[in-house]
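# Breakdown of the fold
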Amino acid sequence: VDTRGGEKYILRVTLPEGGHSLDHVTAEMDWLAALARDTDLSVPSPLPARDGSLVVEAGAGGVPEARLCEVFSWVDGRDLAEDMSASNISKLGELMAGLHIHALTYRPPSDLSLLRFDRVFPFPEPVLLFDEQFSPLFPAARRIVYEKGIAWAQESIDRLKASGEEMRIIHGDLHQWNVRNKRGVLSPIDFEDLMLGWPVQDIATTLYYFDAQNYPELHAAFQAGYTRHSPWPERRAGEIDSFIAARGLGLANFVLNDPNPAWKEKAGEFIERVEKRLRGLMERNNLKIK
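Residues numbered from 1 in each chain as written. Predicted model: local features only at pLDDT ≥ 70, side-chain atom pairs only at ≥ 80, totals over all residues. Heavy atoms only, no water.

## Observations concerning the overall build of the protein
- The secondary structure content of the protein amounts to 7 helices and 8 strands.
- At 20 Å, the protein has a C-alpha radius of gyration in line with the 19 Å of a compact globule built from 290 residues.
- Taken along the three principal axes of its C-alpha coordinates, the protein extends 65 × 50 × 40 Å.
- For the protein, with 290 residues in total, the buried portion stands at 47%.
- If you take every contact in the protein between residues at least 6 apart in sequence, the share linking residues at least 24 apart comes to 76%.
- Only carbon and sulfur atoms are counted for the fraction: they give 51% of the accessible area of the protein, which is about 14,600 Å². (Helix = DSSP H or I, 4+ residues; strand = E, 2+ residues; numbered from the N terminus. Rg over C-alpha atoms; globule rule 2.2 N^0.38 Å. Buried < 20%, exposed > 50% of the residue type's maximum accessible area, 1.4 Å probe, protein only. Contact = heavy atoms within 4.5 Å. Areas by Shrake-Rupley, 256 points an atom, 1.4 Å probe, with all protein chains shown as cover.)

And the structure:
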């Protein structure tokens, strides 16, 4: 949105899917407003409506139901994906640490119901991985790998729940295409998948998208940046890897649920790619696949 005064904003019309309810979007706006108010982080700042609300429900002819609409400040820059240098990835680690530190004391409005990463598949869509309609995509050997991955990730969640560490709000989707880079200043965008969870889960989601060839270097740079501000939250070896596995499993399930025909055409290829990723993660952690 370009104003007559030369200002730029983003108008987002939220699709009614993926758990993006009024409660969820309201929590997103509230956290962004708090981050803009309480920290020096460069985040998209919500613009209130005339009545002060940060979320407005609006309808239009030909649209089957009302939509939730939000306006944010414009975030300038290029996608971080265009420059994945060790220096920038170190800054990404610092950025995530800043979000986690703020979330440690931030509390969403108590009357809101939020998604919780206390199970492998936290989004409301059904788990279709082994549904009969997709059985050709999951021959016996592949199904075993997926089942092992689900059990591994759930075991890590159960350990976190038993640890007594309190869940906090996390971005949930902080990859290099959801971070803007302007002259070395990184800005997180697209908080739409935020949920209650633990820092190790958030970190794993970011690491999932790092290039395999440069993974050790990028992981080290990210961890170095993060630990400049906050202790590394991984409690045991392989914990973050188990949540990298969870990310792959969640994306595989998303592909099977999404009605977009382009995704359907690529489902088989993607399911196979996730299987290879799961096998690699398990081998790295000396987990046997029976």
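## Focus on the nonpolar core
- Membership of the largest hydrophobic core comes to 78 residues, with the highest contact counts inside it found for Trp31, Leu92, Tyr146, Phe222 and Leu256.
- Element by element, the count of residues in this core is highest for helix α6 (residues 239-257), at 10 residues.
- Ignoring sequence-local partners within four residues, the contact set of Leu92 consists of Leu80, Leu174, Val179, Leu186, Thr206, Phe210 and Phe222. (Core = buried A, V, L, I, M, F, W, Y, C linked by side-chain atoms within 4.5 Å.)

## Observations concerning the packing of helix α4 (residues 199-208) against helix α5 (residues 215-226)
- It is at 11 Å that the axes of α4 and α5 come closest, and there the two elements cross at 140 degrees. Seen along the crossing, α4 lies across α5 with a hand that is right-handed. Facing Pro199, Ile203, Thr206 and Leu207 of α4, the residues of α5 in contact are Tyr215, His219, Phe222 and Tyr226.
- Across the contact of α4 with α5, the residue classes break down as 6 nonpolar, 2 polar and no charged. (Axes fitted to C-alpha atoms, helices over the stretch in contact; angles between N-to-C directions. Left-handed = near helix turned anticlockwise from the far one by under 90°. Nonpolar A, V, L, I, M, F, W, Y, C, P; charged D, E, K, R; others polar.)

## Description of the packing of aromatic side chains
- Enumeration according to the criterion identifies 11 aromatic pairs in this entry.
- Each ring, one from Phe117 and one from Phe243, has its centre 6.1 Å from the other, and the planes form 65 degrees; the classification is edge-to-face. Of this pair, Phe117 sits in the loop between α2 (86-105) and α3 (140-163) while Phe243 sits in helix α6, and the two are 126 residues apart along the sequence. An identical accessibility class is assigned to Phe117 and Phe243; each is buried.
- A ring pair is formed by Phe210 and Phe222, whose centres lie 6.3 Å apart and whose planes are at 70 degrees; its orientation type is edge-to-face. (Phe/Tyr/Trp six-rings, centres within 6.5 Å; stacked < 30°, edge-to-face > 60°.)

## Structural notes on the pairing of strand β6 (residues 179-182)
- Where strand β4 (residues 78-79) and β6 come together, 2 bridges link them in antiparallel fashion. Note on β6: the bridge partner recorded for Arg78 is Asn181.
- Pairing analysis gives 4 bridges linking β6 to strand β7 (residues 185-188), with the strands arranged antiparallel. Looking at β7, one finds that Lys182 is bridged to Val185. (Pairing = 2+ DSSP bridges.)

## Quick look at the sheet that holds β7
- Within the open sheet, the 3 strands sit side by side as β4-β6-β7. Their pairing is antiparallel. Whereas interior strands pair on both sides, the edge strands pair on one side only; in this sheet they are β4 and β7.
- Together, β6 and β7 form the strand contacts of α2, whose direction differs from that of β7 by roughly 50 degrees.

## Brief notes about the sheet that holds strand β3 (residues 67-73)
- Taking strand neighbours across the sheet as the criterion, the 3 strands line up as β1-β3-β2 in an open arrangement whose pairing is antiparallel. What marks the edges here is a single partner per strand, and that holds for β1 (9-14) and β2 (56-58). Going across the sheet, the axis of each strand differs from the next one's by a mean of 35 degrees, ignoring polarity.
- When β1 meets β3, the two strands line up antiparallel, connected through 6 bridges. In the strand pairing of β3, Arg12 is matched with Glu70.
- Sitting on the sheet, helix α1 (residues 22-38) is in contact with β1 and β3, with an inclination near 10 degrees to β3.

## Some details on the side chain of Ser187
- Take Ser187: it is sitting in strand β7.
- Judged by relative accessible area, which is 4%, Ser187 ranks as buried.
- One polar contact links Ser187 to Ser42, side chain to side chain, over a distance of 2.7 Å.
- With residues near it in sequence (within four places) discarded, Ser187 still touches Ser42, Val75, Asn178, Val179 and Arg180. (Polar contact = N/O pair within 3.5 Å; in protein donor to acceptor, adjacent residues only side chain to side chain.)

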